[in-house]
Amino acid sequence: MQIYGWGRYPRIESEVTFPISATQCAQIVTGAGELIARGLGRSYGDSSLGSQVLDTRHLDHFLGFDEATGVLVCEAGVSLDEILRYFVPRGWFLPVTPGTRYVTIGGAIASDVHGKNHHVEGTFTDHVTWIEILLGDGEKVKTSLTQLPDLFHATCGGMGLTGIILSAALRLKPIRSSFIVETIIKAPDLESVLASFVENANSTYSVAWIDCLARGKHLGRSLLMLGEHADQDGPLQTKSGQLFKVPLDMPASLLNYGSVKAFNTLFYGKALRARHTRHIPFEPFFYPLDKLADWNRLYGKSGFIQYQFVLPLAAGASGLREVIDRIAASGRGSFLAVLKVFGKANDHLLSFPCEGFTLALDFKAEPAVFRLIEEIDEIVLSFGGHLYLTKDSLMSEATFKRGYPRWEEFESVRERYHAVGKFASAQSNRLGLK
Ligand SMILES: Cc1cc2nc3c(=O)[nH]c(=O)nc-3n(C[C@H](O)[C@H](O)[C@H](O)COP(=O)(O)OP(=O)(O)OC[C@H]3O[C@@H](n4cnc5c(N)ncnc54)[C@H](O)[C@@H]3O)c2cc1C
């Protein structure tokens, strides 16, 4: 079948298997050549694509829950949506969540995903106490910070290249209400939004929407959204499901300089006051895009590129200014540009976050954009930054190896645990991993 990631670029022909148990996974792994695991395909590029793919979606059982500690044990194909639907009504929430609830536990671990609270609560795997993984020789092992720690540090953020994650233990966090107290702050330029992130470093959640087409004195104008779980007993509920659906591939010409600029101007103008606070259900705060099913079709048949990088704190304003300036000058602005602050890095070999600012951008997949992205890669590297693997579909081997200096350590762990020659994706081949 033809498969692709959320960006719908690239697309490849693949033989996909859908095992329903760990035993079936082991049979497939020992019987196959090279293969790669796949969850719900929400990574944007080619990290879950390969000529053979093991789809883990049917490994979808909860295996246990400890009410005293909040530790949930579940299979790797369980989605964050399933966890929220069962546990929010019981007063528990995800410790870290990406901007969509339609990802699996296996995918969240393999990408070591982050949310709007990295500066306070770290990445997803900082709350994972152990992982059960199927190695390339068919053996099942448990790994954690104390048990085979080298394997743990390579698997968290390791993009499926160490083995098939079968199950994991995740510490949930207690909540008293499913509402979020959200404060929206209007920032007229880049310096003021960065300063606002720093001033609000104690807010549990923070994220800014940034207008990448604004230039001159408006460059970097943003809306910063802060959030806290409501601290009084309130409703504990969640509405899953998608209200609207994009029915077909939209003409790519719909997203052009004019339409993106108009959208951005309207969005910024929508916040009438410099600062205001409101109570909202958690869904629109964490998952604003999830209500629109198949929104990735808005970019047309040829798909789109999501590009996310992080710059160390010291590079902050000047590095971001240079990137945003370059994008604004190209007129190929991103429909959605999202800025977040990261706290300290963890010790995983390929985990993306490190202390600094991270910007995520969308672009139509087209040759002029590919050239623009090569230029931005250079700016990011020159400021000591790197790119997020789960969003990537274009990075060169050289850019990867400069941005992820621990790649050789990663390769030696893979050698040790029989992953070399067994687990490979279109992305790992492009990046020159064995
Ligand atoms: C709208 C949207 C918003 C997003 N927001 C964020 C965000 O805020 N922060 C963030 O960090 N990410 C974000 N993401 C990216 C997303 O969280 C990650 O790409 C995540 O890994 C997707 O999980 P998945 O189950 O769809 O995995 P897939 O996309 O299918 O796979 C992703 C990677 O995980 C590996 N993998 C999957 N399952 C297993 C397994 N069982 N064993 C071993 N490896 C496995 C695959 O091989 C691949 O390398 C967003 C994505 C979308 C579409």
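Structure: see above.
The paragraphs below set out a description of the structure included in this document. (Residues numbered from 1 in each chain as written. Predicted model: local features only at pLDDT ≥ 70, side-chain atom pairs only at ≥ 80, totals over all residues. Heavy atoms only, no water.)

Turning our eyes to something else, we now look at the overall build of the protein. Within the protein, the secondary structure is distributed over 13 helices and 22 strands. Relative to the globule expectation of 22 Å for 434 residues, the C-alpha radius of gyration of the protein, 21 Å, shows essentially globular dimensions. Along the longest, intermediate and shortest principal axes, the C-alpha atoms of the protein span 60 × 50 × 45 Å. Residues counted as buried form 57% of the 434 residues belonging to the protein. By sequence separation, contacts in the protein at least 24 residues apart represent 75% of the contacts at least 6 residues apart. Across the protein, the centroid of the 44 positively charged side chains sits 7 Å from that of the 46 negatively charged ones. (Helix = DSSP H or I, 4+ residues; strand = E, 2+ residues; numbered from the N terminus. Rg over C-alpha atoms; globule rule 2.2 N^0.38 Å. Buried < 20%, exposed > 50% of the residue type's maximum accessible area, 1.4 Å probe, protein only. Contact = heavy atoms within 4.5 Å. Lys, Arg positive; Asp, Glu negative; His and termini not counted. Charge placed at Lys NZ, Arg CZ, Asp CG, Glu CD.)

It is worth spelling out the side chain of His127 at this point. Along the chain, His127 turns up in the loop between α4 (118–121) and β9 (128–134). Of the polar contacts made by the side chain of His127, one reaches the backbone oxygen of Glu121; its length is 2.7 Å. Dropping the residues within four chain positions of it, His127 is found in contact with Pro95, Val96, Glu121, Ala169, Leu170 and Arg171. (Polar contact = N/O pair within 3.5 Å; in protein donor to acceptor, adjacent residues only side chain to side chain.)

Quick look at the sheet that holds β9 now. Here five strands make up an open sheet; going across it, the order is β6-β7-β11-β9-β10 and the pairing antiparallel. Looking along the sheet, the strands with just one partner apiece sit at the ends: β6 (62–66) and β10 (140–143). Taking each pair of neighbouring strands and ignoring which way they run, the sheet shows an average axis angle of 15°. As paired elements, β9 and β10 share four bridges and run antiparallel to each other. Paired with Leu134 across the two strands is Lys140, which belongs to β10. Strand contacts of helix α2 (residues 80–87): β6, β7 (71–75) and β11 (164–171), with the helix running at about 45° to β6, the strand carrying the most contacts. (Pairing = 2+ DSSP bridges. Axes fitted to C-alpha atoms, helices over the stretch in contact; angles between N-to-C directions.)

Once that is clear, we can look at empty space enclosed by the protein. All told, the structure shown has three cavities of 30 Å³ or more when counted by the stated rule. In this structure, the largest cavity occupies an estimated 90 Å³ of space. Lining the largest cavity, in full, are Ile305, Gln306, Tyr307, Gln308, Ile373, Asp377, Leu387, Tyr388, Asp392, Ser393, Leu394 and Met395. Contributing elements (two or more residues each) for the lining of the largest cavity: β19 (304–312) and α10 (367–382). Class assignment for the residues of the lining of the largest cavity results in seven nonpolar, three polar and two charged. (1 Å grid on protein atoms, 1.4 Å probe; cavity = no way out; pocket = protein on both sides within 12 Å on 5 of 7 lines; lining within 4 Å. Points joined across faces, edges and corners; volume = space filled by probe spheres on them. Nonpolar A, V, L, I, M, F, W, Y, C, P; charged D, E, K, R; others polar.)

Our focus in this paragraph is the pairing of strand β20 (residues 337–342). β20 sits mainly inside the fold: five of its six residues count as buried. Pairing analysis gives six bridges linking β20 to strand β21 (residues 356–364), with the strands arranged antiparallel. Within the sheet, the bridge partner assigned to Val338 lies in β21 and is Ala360.

Only one face of β10 is covered, namely the face carrying Val141 and Thr143; the face carrying Lys140 and Lys142 is uncovered. Between β9 and β10, which pair antiparallel and follow one another directly, the connecting turn spans five residues, one of which, Gly138, has a positive phi of 90°.

This next bit is on the layout of surface pockets. In this model, the second largest pocket occupies a volume close to 340 Å³. What lines the second largest pocket is a set of 18 residues, and nearest its centre among them are Tyr4, Trp6, Arg38, Leu40 and Gly41. In terms of residues, the lining of the second largest pocket owes the most to one element, strand β1 (residues 2–4), which gives three residues. Its residues placed into classes, the lining of the second largest pocket shows seven nonpolar, four polar and seven charged.

Attention now goes to α10. Between its terminal C-alpha atoms α10 stretches 23 Å, which fits the 22 Å expected from 16 residues at 1.5 Å a residue. When α10 is considered as a whole, its buried residues turn out to be Val369, Leu372, Ile373, Ile376, Asp377, Ile379, Val380 and Leu381. Where α10 is buried, its residues meet β19, α9 (316–330), β21, β22 (386–387) and α11 (397–403). Gly384 sits one or two positions beyond α10 and adopts a positive phi of about 80°. (Expected span 1.5 Å × (residues − 1).)

Our focus in this paragraph is the environment of Gly31. Counting through the fold element by element, Gly31 comes out in helix α1 (residues 22–31). The class for Gly31 is exposed, based on a relative accessible area of 65%. For the pair Gly31 and His386, spaced 355 residues apart in sequence, the C-alpha to C-alpha distance is 36 Å.

Moving on, we come to the sheet that holds strand β4 (residues 36–38). Spatial ordering of the open sheet is given by β3-β5-β4, a layout of three strands whose pairing is parallel. The open sheet has two edge strands with one neighbour each: β3 (15–17) and β4. For this sheet, the mean inter-axis angle between neighbouring strands, taken without regard to orientation, is 30°. The pairing of β4 with strand β5 (residues 52–55) spans three bridges and is classified as parallel. Pairing of Ala37 across the sheet is with Leu54, part of β5.

The ligand sits among 35 residues. The nearest are Ala37, Gly39, Ser43, Thr104 and Tyr388. The separation between an oxygen atom of the ligand and a polar side-chain atom of Ser43 is 2.6 Å. Protein coverage of the free-state accessible area of the ligand, which is 960 Å², stands at 97%. When residues of the shell around the ligand are traced back to their parent elements, those giving at least two are β4, α3 (105–110) and β11. Within the shell around the ligand, the residues separate by chemical class into 15 nonpolar, 16 polar and four charged. (Near = heavy atom within 4 Å. Areas by Shrake-Rupley, 256 points an atom, 1.4 Å probe, with all protein chains shown as cover.)

The values are spatial; any link to function lies outside them.
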